[in-house]
Amino acid sequence: MQAVFNNRMETRNKCFVPVESKSDSFFDQTQTVDISRHGIGIISLHPHHINEKIAIEIQLKPDTAPVLVIGIVKWVHRLSDSEEYRIGMNYDKITSGSQRRLDRYFE
């Protein structure tokens, strides 16, 4: 599984932000760990499935419109000595906002 981490197309920036979701949802107690212009990593109590599509709203800066993307799960790895899973996703489609906004933010 380690090879997956090393095959990234680009560097991800650390980003430790809790994911906002409804209580008792599949994303309750989920946290982001890194982000890039083409993907995002999360830690979750729930093992998501490879190729699962997940809607993600990314707030790039305060007081700006978020970018809404559809993420696709590329890999899932259970953390040792933990009940949590490390999940890597790529953005499959941008439904609101633009790739250009993501590119500018990460420049």
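This one's a predicted model, so the numbers in the text were calculated from it and none came from an experiment.

Description of the pairing of strand β6 (residues 85–96)
Then, number 1: Across six bridges, strand β3 (residues 39–44) lies against β6 in antiparallel orientation. Looking across to β6, one finds that I40 is bridged to M89.
Then, number 2: Sheet topology places strand β5 (residues 67–78) next to β6; ten bridges connect them, and they run antiparallel. Of the residues in β6, the one forming a bridge with R78 is Y85.
Then, number 3: Linking two consecutive strands that pair antiparallel, namely β5 and β6, is a turn of six residues; a positive phi of about 55° is found at D81 within it.

A word on the environment of L68
Then, number 1: Its location among the elements puts L68 in strand β5.
Then, number 2: Separated by 28 residues in sequence, L68 and S96 have C-alpha atoms that sit 4.8 Å apart.
Then, number 3: Beyond its immediate sequence surroundings of up to four residues, L68 is in contact with I56, E57, K93, I94, T95 and S96.

Considering the nonpolar core
Then, number 1: Ranked by internal contacts, the top residues of the largest apolar core, which has 17 residues, are I56, I58, I87, M89 and Y91.
Then, number 2: Put simply, the parts of the chain that give this core at least two residues each are β3, β4 (53–58), β5, β6 and α2 (99–106).
Then, number 3: With near-sequence residues (within four places) excluded, I56 lies in contact with I40, V67, L68, V69, G71 and M89.

Details of the packing of aromatic side chains
What describes a pair of aromatic rings is the distance from one ring centre to the other and the angle between the planes of the rings.
Then, number 1: Applying the stated criterion across every chain, the model contains one aromatic pair.
Then, number 2: Ring geometry for Y105 and F106: centres 5.0 Å apart, planes at 90°, overall edge-to-face.
Then, number 3: By relative accessible area, which is 39% here, Y105 ends up partly exposed.

So, the confidence of the model for the protein chain
A low pLDDT means the predicted coordinates there should not be read in detail.
Then, number 1: With 78% of its residues at a pLDDT of 70 or more, the protein chain has an overall mean of 80.
Then, number 2: When mean pLDDT is compared element by element in the protein chain, β5 scores highest at 92, while helix α1 (residues 2–6) scores lowest at 40.
Then, number 3: Counting interchain partners and residues more than four positions distant, the pLDDT-below-50 stretch residues 1–6 has five contacts.

So, the pairing of β3
Then, number 1: Burial of β3 is extensive: six of the six residues sit out of reach of the surface.
Then, number 2: Neither face of β3 is left uncovered, since the one carrying G39, G41 and I43 and the one carrying I40, I42 and S44 both have all their residues buried.
Then, number 3: Here strand β2 (residues 31–35) pairs with β3 via four bridges, running antiparallel. For I35, the partnering residue across the bridge sits in β3 and is I40.
Then, number 4: Joining the antiparallel neighbours β2 and β3 is a turn of three residues.

Points about the pattern of salt bridges
Then, number 1: The final tally for this structure, using the stated rule, is four salt bridges.
Then, number 2: For R86, the salt bridge goes to D34, with nearest N and O atoms at 2.7 Å. Taken together, the residues span a long stretch of sequence, with R86 in strand β6 and D34 in strand β2 at a distance of 52 residues. Comparing R86 with D34, the two get one shared label, buried.

Rules used throughout
- Residues numbered from 1 in each chain as written.
- Predicted model: local features only at pLDDT ≥ 70, side-chain atom pairs only at ≥ 80, totals over all residues.
- Heavy atoms only, no water.
- Pairing = 2+ DSSP bridges.
- Helix = DSSP H or I, 4+ residues; strand = E, 2+ residues; numbered from the N terminus.
- Contact = heavy atoms within 4.5 Å.
- Core = buried A, V, L, I, M, F, W, Y, C linked by side-chain atoms within 4.5 Å.
- Buried < 20%, exposed > 50% of the residue type's maximum accessible area, 1.4 Å probe, protein only.
- Phe/Tyr/Trp six-rings, centres within 6.5 Å; stacked < 30°, edge-to-face > 60°.
- pLDDT = per-residue confidence, 0-100.
- Salt bridge = Lys/Arg side-chain N within 4 Å of Asp/Glu carboxyl O.

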